[in-house]
Amino acid sequence: MKIKLLSLFMAVILVTGTFANTIAFAEEKEGTVPETTTETTTAASSENTTEKEDGISKEEAQKTLEDQQAELQKNLEEAEKKLAQLEKNSKGTAEYIDTLDQKIGYINEQLTILEEQNISIQADIDELMPTIEKNEQELDKLSKELDKTKEELEQLEEKFQSVYDAYCIRLRVMYISGDFNILTALMTCKDISSLLTRYEMIRSVSKSDAELMQEVQEQTEQIISKKDGLDEQAAKYESTKATLDSQKESLQTKQKTIENNSEQIAAKKATLATDRAESDRMLAELTAKNKQYTEFRNEDSELIEAVENEIQALISGLKSPEEVTTAVSSGKHESSAPIITDSDVYSKSNAVLNMTYPIPGHTSISAGYPNYSSGQYHGGIDFPCPTGSKVVAAQKGIVITVKRLDYSYGYYVMIYHGTDAKGRSVVTLYAHNSSILVSVGDTVKKGQQIAKSGSTGNSTGPHCHFELRFDGTRVNPKNYLG
(Lines give C-alpha, C1' and ligand atoms only; values in the text may rest on other atoms or scores of the structure.)
Protein backbone atom coordinates (compact mmCIF):
# COMPACT_ATOMS: atom_id res chain seq x y z
CA MET A 1 0.00 0.00 0.00
CA LYS A 2 2.80 2.38 0.83
CA ILE A 3 4.45 1.58 -2.52
CA LYS A 4 1.21 2.32 -4.43
CA LEU A 5 0.75 5.71 -2.68
CA LEU A 6 4.39 6.63 -3.35
CA SER A 7 3.97 5.78 -7.03
CA LEU A 8 0.78 7.79 -7.23
CA PHE A 9 2.45 10.83 -5.64
CA MET A 10 5.35 10.70 -8.11
CA ALA A 11 2.97 10.55 -11.08
CA VAL A 12 1.02 13.59 -9.90
CA ILE A 13 4.24 15.64 -9.50
CA LEU A 14 5.45 14.60 -12.97
CA VAL A 15 2.22 15.60 -14.76
CA THR A 16 1.82 18.86 -12.83
CA GLY A 17 5.42 19.90 -13.58
CA THR A 18 4.92 19.21 -17.27
CA PHE A 19 1.88 21.50 -17.49
CA ALA A 20 3.65 24.28 -15.55
CA ASN A 21 6.65 24.26 -17.87
CA THR A 22 4.42 24.26 -20.95
CA ILE A 23 2.42 27.30 -19.83
CA ALA A 24 5.53 29.25 -18.74
CA PHE A 25 7.23 28.53 -22.06
CA ALA A 26 4.22 29.73 -24.10
CA GLU A 27 3.92 32.98 -22.09
CA GLU A 28 7.63 33.73 -22.39
CA LYS A 29 7.71 33.34 -26.19
CA GLU A 30 4.57 35.35 -26.87
CA GLY A 31 6.09 38.53 -25.37
CA THR A 32 9.25 38.57 -27.51
CA VAL A 33 8.31 39.80 -31.01
CA PRO A 34 6.93 43.34 -30.41
CA GLU A 35 10.22 44.61 -28.88
CA THR A 36 12.18 43.89 -32.08
CA THR A 37 9.55 45.64 -34.21
CA THR A 38 9.74 48.76 -32.03
CA GLU A 39 13.54 48.97 -32.34
CA THR A 40 13.36 48.66 -36.15
CA THR A 41 10.79 51.44 -36.39
CA THR A 42 12.90 53.74 -34.20
CA ALA A 43 16.00 53.12 -36.33
CA ALA A 44 14.08 53.89 -39.53
CA SER A 45 12.69 57.07 -38.01
CA SER A 46 16.19 58.22 -37.02
CA GLU A 47 17.45 57.54 -40.54
CA ASN A 48 14.71 59.65 -42.10
CA THR A 49 15.61 62.57 -39.80
CA THR A 50 19.22 62.51 -41.02
CA GLU A 51 18.13 62.60 -44.65
CA LYS A 52 15.86 65.52 -43.86
CA GLU A 53 18.72 67.50 -42.32
CA ASP A 54 20.90 66.89 -45.39
CA GLY A 55 18.08 68.12 -47.62
CA ILE A 56 17.82 71.44 -45.74
CA SER A 57 21.51 72.15 -46.33
CA LYS A 58 21.14 71.60 -50.07
CA GLU A 59 18.08 73.81 -50.17
CA GLU A 60 20.01 76.64 -48.52
CA ALA A 61 22.80 76.34 -51.09
CA GLN A 62 20.22 76.42 -53.88
CA LYS A 63 18.59 79.47 -52.27
CA THR A 64 21.86 81.41 -52.49
CA LEU A 65 22.15 80.67 -56.20
CA GLU A 66 18.52 81.63 -56.79
CA ASP A 67 19.13 84.95 -55.01
CA GLN A 68 22.01 85.73 -57.39
CA GLN A 69 19.87 84.89 -60.40
CA ALA A 70 16.99 86.96 -59.04
CA GLU A 71 19.27 90.00 -58.60
CA LEU A 72 20.53 89.69 -62.18
CA GLN A 73 16.98 89.30 -63.47
CA LYS A 74 15.96 92.43 -61.57
CA ASN A 75 18.83 94.42 -63.14
CA LEU A 76 17.96 93.03 -66.57
CA GLU A 77 14.31 94.06 -66.23
CA GLU A 78 15.34 97.57 -65.16
CA ALA A 79 17.61 97.86 -68.21
CA GLU A 80 14.80 96.67 -70.50
CA LYS A 81 12.42 99.19 -68.90
CA LYS A 82 14.89 102.00 -69.49
CA LEU A 83 15.41 100.88 -73.10
CA ALA A 84 11.65 100.98 -73.66
CA GLN A 85 11.55 104.57 -72.37
CA LEU A 86 14.56 105.67 -74.46
CA GLU A 87 13.25 103.98 -77.59
CA LYS A 88 10.50 106.58 -77.93
CA ASN A 89 12.77 109.59 -78.37
CA SER A 90 16.42 108.61 -77.90
CA LYS A 91 16.99 105.41 -79.85
CA GLY A 92 20.41 105.33 -81.46
CA THR A 93 21.92 107.75 -78.95
CA ALA A 94 24.98 106.98 -76.81
CA GLU A 95 22.72 106.58 -73.77
CA TYR A 96 20.54 104.04 -75.56
CA ILE A 97 23.56 102.06 -76.81
CA ASP A 98 25.17 102.11 -73.34
CA THR A 99 21.95 100.82 -71.76
CA LEU A 100 21.68 98.11 -74.41
CA ASP A 101 25.28 97.09 -73.67
CA GLN A 102 24.44 96.92 -69.96
CA LYS A 103 21.56 94.59 -70.81
CA ILE A 104 23.96 92.46 -72.86
CA GLY A 105 26.31 92.35 -69.86
CA TYR A 106 23.55 91.10 -67.53
CA ILE A 107 22.57 88.38 -70.01
CA ASN A 108 26.22 87.32 -70.24
CA GLU A 109 26.38 86.99 -66.46
CA GLN A 110 23.18 84.95 -66.44
CA LEU A 111 24.59 82.67 -69.13
CA THR A 112 27.75 82.18 -67.10
CA ILE A 113 25.77 81.20 -63.98
CA LEU A 114 23.48 78.84 -65.91
CA GLU A 115 26.37 77.15 -67.71
CA GLU A 116 28.40 76.78 -64.51
CA GLN A 117 25.31 75.41 -62.75
CA ASN A 118 24.82 72.84 -65.52
CA ILE A 119 28.45 71.75 -65.23
CA SER A 120 28.08 71.37 -61.45
CA ILE A 121 24.78 69.49 -61.73
CA GLN A 122 26.17 67.18 -64.40
CA ALA A 123 29.08 66.38 -62.08
CA ASP A 124 26.52 65.48 -59.37
CA ILE A 125 24.66 63.27 -61.84
CA ASP A 126 27.87 61.51 -62.90
CA GLU A 127 28.60 60.82 -59.24
CA LEU A 128 25.02 59.77 -58.45
CA MET A 129 24.54 57.28 -61.30
CA PRO A 130 26.98 54.58 -60.02
CA THR A 131 25.44 54.85 -56.54
CA ILE A 132 21.94 54.36 -57.96
CA GLU A 133 23.12 51.36 -59.97
CA LYS A 134 24.78 49.87 -56.89
CA ASN A 135 21.65 50.38 -54.76
CA GLU A 136 19.47 48.84 -57.47
CA GLN A 137 21.65 45.73 -57.41
CA GLU A 138 21.55 45.67 -53.60
CA LEU A 139 17.77 46.06 -53.61
CA ASP A 140 17.39 43.19 -56.08
CA LYS A 141 19.60 41.01 -53.87
CA LEU A 142 17.62 41.93 -50.73
CA SER A 143 14.35 41.23 -52.51
CA LYS A 144 15.46 37.71 -53.39
CA GLU A 145 16.71 37.09 -49.83
CA LEU A 146 13.42 38.40 -48.45
CA ASP A 147 11.39 36.08 -50.68
CA LYS A 148 13.55 33.13 -49.67
CA THR A 149 13.16 33.89 -45.96
CA LYS A 150 9.39 34.25 -46.32
CA GLU A 151 9.22 30.87 -48.04
CA GLU A 152 11.31 29.23 -45.29
CA LEU A 153 9.10 30.84 -42.65
CA GLU A 154 5.96 29.53 -44.31
CA GLN A 155 7.41 26.01 -44.32
CA LEU A 156 8.32 26.30 -40.62
CA GLU A 157 4.87 27.56 -39.75
CA GLU A 158 3.22 24.69 -41.63
CA LYS A 159 5.41 22.18 -39.80
CA PHE A 160 4.81 23.91 -36.50
CA GLN A 161 1.04 23.91 -37.02
CA SER A 162 0.84 20.11 -37.28
CA VAL A 163 2.97 19.65 -34.12
CA TYR A 164 1.08 22.37 -32.31
CA ASP A 165 -2.29 20.79 -33.23
CA ALA A 166 -1.13 17.46 -31.80
CA TYR A 167 0.11 19.23 -28.72
CA CYS A 168 -3.25 20.99 -28.21
CA ILE A 169 -5.16 17.70 -28.63
CA ARG A 170 -2.96 16.11 -26.00
CA LEU A 171 -3.55 19.02 -23.62
CA ARG A 172 -7.31 18.77 -24.07
CA VAL A 173 -7.22 15.01 -23.39
CA MET A 174 -5.18 15.53 -20.22
CA TYR A 175 -7.50 18.30 -19.11
CA ILE A 176 -10.63 16.20 -19.66
CA SER A 177 -9.10 13.18 -17.99
CA GLY A 178 -7.99 15.17 -14.98
CA ASP A 179 -5.94 14.01 -12.01
CA PHE A 180 -8.89 11.83 -10.70
CA ASN A 181 -8.71 9.43 -13.64
CA ILE A 182 -4.97 9.02 -13.21
CA LEU A 183 -5.37 8.37 -9.49
CA THR A 184 -8.18 5.94 -10.18
CA ALA A 185 -6.00 4.12 -12.68
CA LEU A 186 -3.33 3.66 -10.05
CA MET A 187 -5.67 2.96 -7.10
CA THR A 188 -7.61 0.25 -8.92
CA CYS A 189 -4.55 -1.85 -9.55
CA LYS A 190 -5.09 -5.34 -8.11
CA ASP A 191 -1.43 -5.98 -7.41
CA ILE A 192 1.99 -4.44 -7.53
CA SER A 193 2.62 -5.84 -11.01
CA SER A 194 -0.40 -4.04 -12.42
CA LEU A 195 0.63 -0.86 -10.57
CA LEU A 196 4.10 -0.90 -12.07
CA THR A 197 2.76 -1.63 -15.52
CA ARG A 198 0.34 1.25 -15.40
CA TYR A 199 2.97 3.51 -13.89
CA GLU A 200 5.30 2.74 -16.80
CA MET A 201 2.52 3.53 -19.22
CA ILE A 202 1.83 6.86 -17.49
CA ARG A 203 5.54 7.67 -17.43
CA SER A 204 5.84 6.80 -21.12
CA VAL A 205 2.91 9.07 -21.95
CA SER A 206 4.45 11.86 -19.84
CA LYS A 207 7.76 11.39 -21.65
CA SER A 208 5.98 11.61 -24.97
CA ASP A 209 4.25 14.78 -23.77
CA ALA A 210 7.59 16.23 -22.73
CA GLU A 211 9.16 15.42 -26.11
CA LEU A 212 6.15 16.90 -27.88
CA MET A 213 6.47 20.04 -25.77
CA GLN A 214 10.22 20.21 -26.50
CA GLU A 215 9.54 19.97 -30.22
CA VAL A 216 6.96 22.74 -29.96
CA GLN A 217 9.46 24.86 -28.04
CA GLU A 218 12.29 24.31 -30.57
CA GLN A 219 10.06 25.04 -33.54
CA THR A 220 8.68 28.13 -31.84
CA GLU A 221 12.24 29.39 -31.28
CA GLN A 222 13.09 28.72 -34.93
CA ILE A 223 10.01 30.64 -36.09
CA ILE A 224 10.74 33.58 -33.80
CA SER A 225 14.38 33.64 -34.93
CA LYS A 226 13.32 33.47 -38.56
CA LYS A 227 10.77 36.26 -38.01
CA ASP A 228 13.42 38.43 -36.37
CA GLY A 229 15.67 37.86 -39.37
CA LEU A 230 12.78 38.61 -41.68
CA ASP A 231 12.05 41.87 -39.86
CA GLU A 232 15.70 42.91 -40.15
CA GLN A 233 15.78 42.05 -43.84
CA ALA A 234 12.51 43.89 -44.42
CA ALA A 235 13.82 46.97 -42.57
CA LYS A 236 17.03 46.93 -44.59
CA TYR A 237 15.04 46.48 -47.80
CA GLU A 238 12.76 49.41 -47.00
CA SER A 239 15.72 51.59 -46.00
CA THR A 240 17.59 50.79 -49.21
CA LYS A 241 14.42 51.32 -51.26
CA ALA A 242 13.78 54.68 -49.61
CA THR A 243 17.36 55.75 -50.32
CA LEU A 244 17.10 54.59 -53.92
CA ASP A 245 13.76 56.35 -54.44
CA SER A 246 15.24 59.55 -53.01
CA GLN A 247 18.29 59.27 -55.28
CA LYS A 248 16.13 58.67 -58.36
CA GLU A 249 13.93 61.62 -57.46
CA SER A 250 17.05 63.77 -57.02
CA LEU A 251 18.36 62.53 -60.37
CA GLN A 252 15.12 63.44 -62.13
CA THR A 253 15.15 66.89 -60.50
CA LYS A 254 18.75 67.50 -61.58
CA GLN A 255 18.07 66.31 -65.13
CA LYS A 256 15.00 68.55 -65.30
CA THR A 257 17.03 71.50 -64.03
CA ILE A 258 19.66 70.94 -66.73
CA GLU A 259 16.91 70.77 -69.36
CA ASN A 260 15.33 74.01 -68.09
CA ASN A 261 18.73 75.73 -67.90
CA SER A 262 19.59 74.58 -71.41
CA GLU A 263 16.33 76.00 -72.73
CA GLN A 264 17.06 79.31 -70.99
CA ILE A 265 20.61 79.33 -72.36
CA ALA A 266 19.37 78.80 -75.91
CA ALA A 267 16.76 81.55 -75.57
CA LYS A 268 19.21 84.00 -73.99
CA LYS A 269 21.86 83.32 -76.65
CA ALA A 270 19.31 84.09 -79.35
CA THR A 271 18.40 87.36 -77.58
CA LEU A 272 22.09 88.09 -77.08
CA ALA A 273 22.90 87.67 -80.78
CA THR A 274 20.07 90.04 -81.74
CA ASP A 275 21.03 92.67 -79.14
CA ARG A 276 24.74 92.50 -80.04
CA ALA A 277 24.00 93.02 -83.72
CA GLU A 278 21.70 95.93 -82.87
CA SER A 279 24.31 97.49 -80.56
CA ASP A 280 27.09 97.18 -83.15
CA ARG A 281 24.89 98.61 -85.92
CA MET A 282 23.82 101.64 -83.88
CA LEU A 283 27.35 102.23 -82.56
CA ALA A 284 28.74 102.18 -86.11
CA GLU A 285 26.09 104.69 -87.21
CA LEU A 286 26.68 106.92 -84.18
CA THR A 287 30.49 106.97 -84.46
CA ALA A 288 30.26 107.58 -88.21
CA LYS A 289 27.96 110.52 -87.54
CA ASN A 290 30.14 112.20 -84.86
CA LYS A 291 33.51 110.85 -86.10
CA GLN A 292 34.25 109.49 -82.62
CA TYR A 293 35.39 106.06 -83.74
CA THR A 294 36.21 103.31 -81.30
CA GLU A 295 35.80 99.49 -80.96
CA PHE A 296 32.70 97.37 -81.15
CA ARG A 297 31.95 96.15 -77.63
CA ASN A 298 30.64 92.69 -78.38
CA GLU A 299 33.66 90.79 -79.65
CA ASP A 300 34.05 87.05 -78.98
CA SER A 301 35.54 86.67 -75.48
CA GLU A 302 37.57 83.61 -76.53
CA LEU A 303 39.33 85.57 -79.28
CA ILE A 304 40.10 88.40 -76.86
CA GLU A 305 41.48 85.94 -74.30
CA ALA A 306 43.68 84.19 -76.87
CA VAL A 307 45.23 87.49 -78.01
CA GLU A 308 45.80 88.63 -74.43
CA ASN A 309 47.45 85.34 -73.45
CA GLU A 310 49.85 85.68 -76.36
CA ILE A 311 50.73 89.25 -75.36
CA GLN A 312 51.29 88.28 -71.72
CA ALA A 313 53.54 85.40 -72.76
CA LEU A 314 55.60 87.77 -74.91
CA ILE A 315 55.98 90.40 -72.17
CA SER A 316 56.83 87.83 -69.47
CA GLY A 317 59.66 86.55 -71.68
CA LEU A 318 61.33 89.96 -72.09
CA LYS A 319 64.80 90.49 -70.65
CA SER A 320 65.40 93.80 -68.93
CA PRO A 321 68.43 95.89 -69.93
CA GLU A 322 70.05 94.96 -66.61
CA GLU A 323 69.68 91.22 -67.29
CA VAL A 324 71.10 91.53 -70.82
CA THR A 325 74.04 93.67 -69.64
CA THR A 326 74.87 91.11 -66.90
CA ALA A 327 74.67 88.22 -69.35
CA VAL A 328 76.97 89.94 -71.89
CA SER A 329 79.59 90.95 -69.29
CA SER A 330 79.71 87.40 -67.90
CA GLY A 331 80.06 85.84 -71.33
CA LYS A 332 76.69 84.07 -71.09
CA HIS A 333 74.96 86.06 -73.82
CA GLU A 334 72.60 83.95 -75.94
CA SER A 335 72.94 84.51 -79.67
CA SER A 336 69.13 84.61 -80.10
CA ALA A 337 68.59 87.38 -77.51
CA PRO A 338 68.75 91.01 -78.73
CA ILE A 339 71.63 93.13 -77.53
CA ILE A 340 70.01 95.99 -75.62
CA THR A 341 71.90 99.13 -74.69
CA ASP A 342 70.94 102.35 -72.90
CA SER A 343 70.80 104.06 -76.28
CA ASP A 344 68.02 101.68 -77.41
CA VAL A 345 65.86 101.57 -74.26
CA TYR A 346 65.80 103.01 -70.77
CA SER A 347 67.25 101.21 -67.75
CA LYS A 348 65.61 102.01 -64.39
CA SER A 349 64.80 105.57 -65.40
CA ASN A 350 61.52 107.45 -65.15
CA ALA A 351 62.51 109.33 -68.29
CA VAL A 352 60.86 106.43 -70.10
CA LEU A 353 57.51 107.71 -68.84
CA ASN A 354 57.77 111.04 -70.70
CA MET A 355 55.82 110.02 -73.81
CA THR A 356 54.41 111.76 -76.85
CA TYR A 357 50.95 111.32 -78.38
CA PRO A 358 50.86 108.42 -80.84
CA ILE A 359 48.92 110.43 -83.49
CA PRO A 360 50.53 113.88 -83.87
CA GLY A 361 47.87 116.57 -83.98
CA HIS A 362 45.09 114.25 -82.79
CA THR A 363 44.62 114.36 -79.04
CA SER A 364 40.83 114.08 -78.65
CA ILE A 365 39.67 110.80 -77.12
CA SER A 366 36.59 108.86 -78.25
CA ALA A 367 36.90 106.15 -75.56
CA GLY A 368 39.01 106.44 -72.43
CA TYR A 369 40.66 104.13 -69.89
CA PRO A 370 39.52 101.91 -68.11
CA ASN A 371 35.91 101.73 -69.37
CA TYR A 372 33.66 102.61 -72.25
CA SER A 373 30.73 104.87 -71.43
CA SER A 374 28.63 101.70 -70.94
CA GLY A 375 30.91 100.60 -68.09
CA GLN A 376 32.50 97.77 -70.08
CA TYR A 377 36.28 97.41 -69.69
CA HIS A 378 38.52 99.31 -72.12
CA GLY A 379 42.25 98.72 -71.66
CA GLY A 380 43.55 101.79 -73.47
CA ILE A 381 42.49 105.10 -75.05
CA ASP A 382 41.18 105.70 -78.58
CA PHE A 383 42.28 108.60 -80.79
CA PRO A 384 39.96 109.17 -83.79
CA CYS A 385 41.87 110.19 -86.92
CA PRO A 386 41.61 109.89 -90.72
CA THR A 387 42.79 106.66 -92.34
CA GLY A 388 46.47 106.90 -93.21
CA SER A 389 47.33 109.31 -90.41
CA LYS A 390 50.89 109.12 -89.07
CA VAL A 391 51.28 106.72 -86.10
CA VAL A 392 54.50 107.33 -84.14
CA ALA A 393 56.41 105.65 -81.30
CA ALA A 394 55.48 107.29 -77.99
CA GLN A 395 59.04 106.72 -76.71
CA LYS A 396 62.25 105.18 -78.00
CA GLY A 397 62.48 101.40 -77.87
CA ILE A 398 62.61 98.10 -79.72
CA VAL A 399 59.74 96.61 -81.75
CA ILE A 400 58.86 93.29 -80.08
CA THR A 401 55.84 92.22 -82.13
CA VAL A 402 54.00 92.98 -85.35
CA LYS A 403 50.63 91.31 -85.95
CA ARG A 404 48.09 91.50 -88.76
CA LEU A 405 44.74 90.18 -87.56
CA ASP A 406 41.24 90.49 -88.99
CA TYR A 407 39.79 90.65 -85.47
CA SER A 408 40.65 92.16 -82.08
CA TYR A 409 43.53 94.70 -82.43
CA GLY A 410 43.70 94.20 -86.20
CA TYR A 411 47.12 95.34 -87.50
CA TYR A 412 49.04 96.19 -84.33
CA VAL A 413 52.59 96.93 -83.11
CA MET A 414 54.17 96.57 -79.67
CA ILE A 415 57.32 98.41 -78.56
CA TYR A 416 59.51 97.68 -75.53
CA HIS A 417 60.96 100.86 -73.95
CA GLY A 418 63.01 99.39 -71.09
CA THR A 419 62.37 99.81 -67.34
CA ASP A 420 61.27 102.69 -65.13
CA ALA A 421 62.81 103.67 -61.80
CA LYS A 422 60.93 100.85 -60.08
CA GLY A 423 62.35 98.29 -62.49
CA ARG A 424 59.01 97.68 -64.22
CA SER A 425 59.06 96.80 -67.91
CA VAL A 426 57.36 99.45 -70.05
CA VAL A 427 55.56 98.42 -73.26
CA THR A 428 53.24 100.34 -75.60
CA LEU A 429 50.70 98.97 -78.10
CA TYR A 430 49.29 100.65 -81.25
CA ALA A 431 46.23 98.98 -82.83
CA HIS A 432 43.82 99.06 -85.83
CA ASN A 433 46.45 100.36 -88.27
CA SER A 434 45.93 100.21 -92.04
CA SER A 435 49.62 99.40 -92.62
CA ILE A 436 52.73 98.76 -90.51
CA LEU A 437 56.12 100.26 -91.42
CA VAL A 438 58.45 98.45 -88.95
CA SER A 439 59.53 94.87 -88.22
CA VAL A 440 60.26 92.89 -85.06
CA GLY A 441 63.71 93.79 -83.70
CA ASP A 442 63.78 97.30 -85.21
CA THR A 443 65.06 100.09 -82.97
CA VAL A 444 62.85 103.18 -83.10
CA LYS A 445 63.19 106.72 -81.80
CA LYS A 446 60.62 108.76 -79.96
CA GLY A 447 58.22 110.30 -82.51
CA GLN A 448 59.39 108.03 -85.34
CA GLN A 449 56.58 106.83 -87.64
CA ILE A 450 55.86 103.14 -87.20
CA ALA A 451 52.47 102.73 -88.98
CA LYS A 452 49.54 104.37 -90.75
CA SER A 453 46.22 104.59 -88.92
CA GLY A 454 43.18 102.67 -90.07
CA SER A 455 40.18 100.59 -89.00
CA THR A 456 41.36 96.97 -89.09
CA GLY A 457 40.13 94.34 -86.67
CA ASN A 458 37.37 95.17 -84.20
CA SER A 459 36.83 98.82 -85.09
CA THR A 460 33.87 101.06 -85.88
CA GLY A 461 36.02 103.43 -87.95
CA PRO A 462 39.56 104.89 -88.36
CA HIS A 463 41.28 105.51 -85.05
CA CYS A 464 44.35 104.48 -83.04
CA HIS A 465 43.87 102.34 -79.95
CA PHE A 466 46.85 103.05 -77.67
CA GLU A 467 47.87 101.04 -74.57
CA LEU A 468 50.60 101.36 -71.94
CA ARG A 469 51.62 98.34 -69.83
CA PHE A 470 53.83 98.09 -66.74
CA ASP A 471 55.03 94.48 -66.27
CA GLY A 472 52.15 93.41 -68.50
CA THR A 473 49.48 95.29 -66.53
CA ARG A 474 47.55 97.97 -68.43
CA VAL A 475 47.54 101.48 -66.93
CA ASN A 476 46.05 104.81 -68.02
CA PRO A 477 48.26 106.12 -70.86
CA LYS A 478 46.86 109.63 -70.58
CA ASN A 479 48.80 110.17 -67.36
CA TYR A 480 52.10 109.85 -69.27
CA LEU A 481 51.36 111.71 -72.51
CA GLY A 482 52.37 115.33 -73.04
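Keep in mind that this is a model prediction, so the values were computed, not measured.

Undergrad: How should I be thinking about the overall build of the chain in this particular structure?
TA: Across its full length, the chain holds six helices and nine strands. Of all 482 residues assigned to the chain, the portion counted as buried reaches 36%. Taking as baseline every contact in the chain between residues at least 6 positions apart, the subset at least 24 positions apart corresponds to 74%. Carbon and sulfur atoms make up 52% of the accessible area of the chain, which totals about 27300 Å².

Undergrad: What exactly am I supposed to notice about the state of the cysteines here?
TA: Simply put, the disulfide is a covalent bond whose two ends are the sulfur atoms of two cysteines. Under the counting rule described, the total for this entry stands at zero disulfides. You can see Cys385 has no disulfide; the closest cysteine sulfur is in Cys464, sitting 6.5 Å from it. For Cys385, a relative accessible area of 6% translates into the label buried. Judged by relative accessible area, which is 0%, Cys464 ranks as buried.

Undergrad: Teacher, can you tell me more about the environment of Asp406 here?
TA: One can find Asp406 in the loop between strand S3 (397-404) and strand S4 (411-419). We classify Asp406 as exposed; its relative accessible area is 69%. A sequence separation of 51 residues divides Asp406 from Gly457, and the C-alpha atoms of the two residues are 4.6 Å apart.

Undergrad: What should I look at first to understand the nonpolar core in this one?
TA: Val413, Ile415, Tyr430 and Ile450 are the most contacted members of the largest nonpolar core, which totals 28 residues. Listed by contribution, the elements that provide at least two residues to this core are strand S1 (381-384), S3, S4, strand S5 (425-436), strand S7 (449-453) and strand S8 (463-470). With four residues, S8 is the largest single contributor of residues to this core. Once residues lying within four places of it in the same chain are set aside, the contact partners of Ile415 are Ala393, Gly397, Ile398, Val399, Ile400, Val426, Val427, Thr428, Tyr430, Val444 and Ile450.

Undergrad: What is the right way to read the pairing of S1 from this model?
TA: Regular strands place their side chains on alternate faces of the sheet. On S1, burial covers both faces: Ile381 and Phe383 on one face and Asp382 and Pro384 on the other are all buried. In terms of strand pairing, S1 meets S8 through four bridges, oriented antiparallel. Note that in S8 the partner of Ile381 across the bridge is Phe466.

What counts, and where the lines are drawn
- The written sequence of each chain sets the order in which its residues are numbered from 1.
- Selection of residues for local features in this predicted model requires a pLDDT of at least 70, selection of side-chain atom pairs for listing and counting requires 80 or more, and totals for whole chains, interfaces and linings are taken over all residues.
- Hydrogen atoms and water are omitted, and side-chain values are computed over all heavy atoms in the structure.
- Each helix is a run of DSSP H or I of at least 4 residues and each strand a run of E of at least 2, with the numbering of both proceeding from the N terminus.
- The buried label goes to any residue with under 20% of its type's maximum accessible area, the exposed label to any with over 50%, and the partly exposed label to all in between, with areas taken from a 1.4 Å probe on protein chains only.
- Any two residues whose heavy atoms approach within 4.5 Å are treated as being in contact.
- Areas reported here follow the Shrake-Rupley algorithm with a probe of radius 1.4 Å; residue values treat only the protein chains shown as occluding.
- Only a pair of cysteine sulfur atoms within 2.5 Å counts as a disulfide in this structure description.
- Grouping buried Ala, Val, Leu, Ile, Met, Phe, Trp, Tyr and Cys residues that are joined through side-chain atoms within 4.5 Å yields what is termed a nonpolar core.
- DSSP bridges decide pairing: two strands pair if at least two such bridges lie between them.

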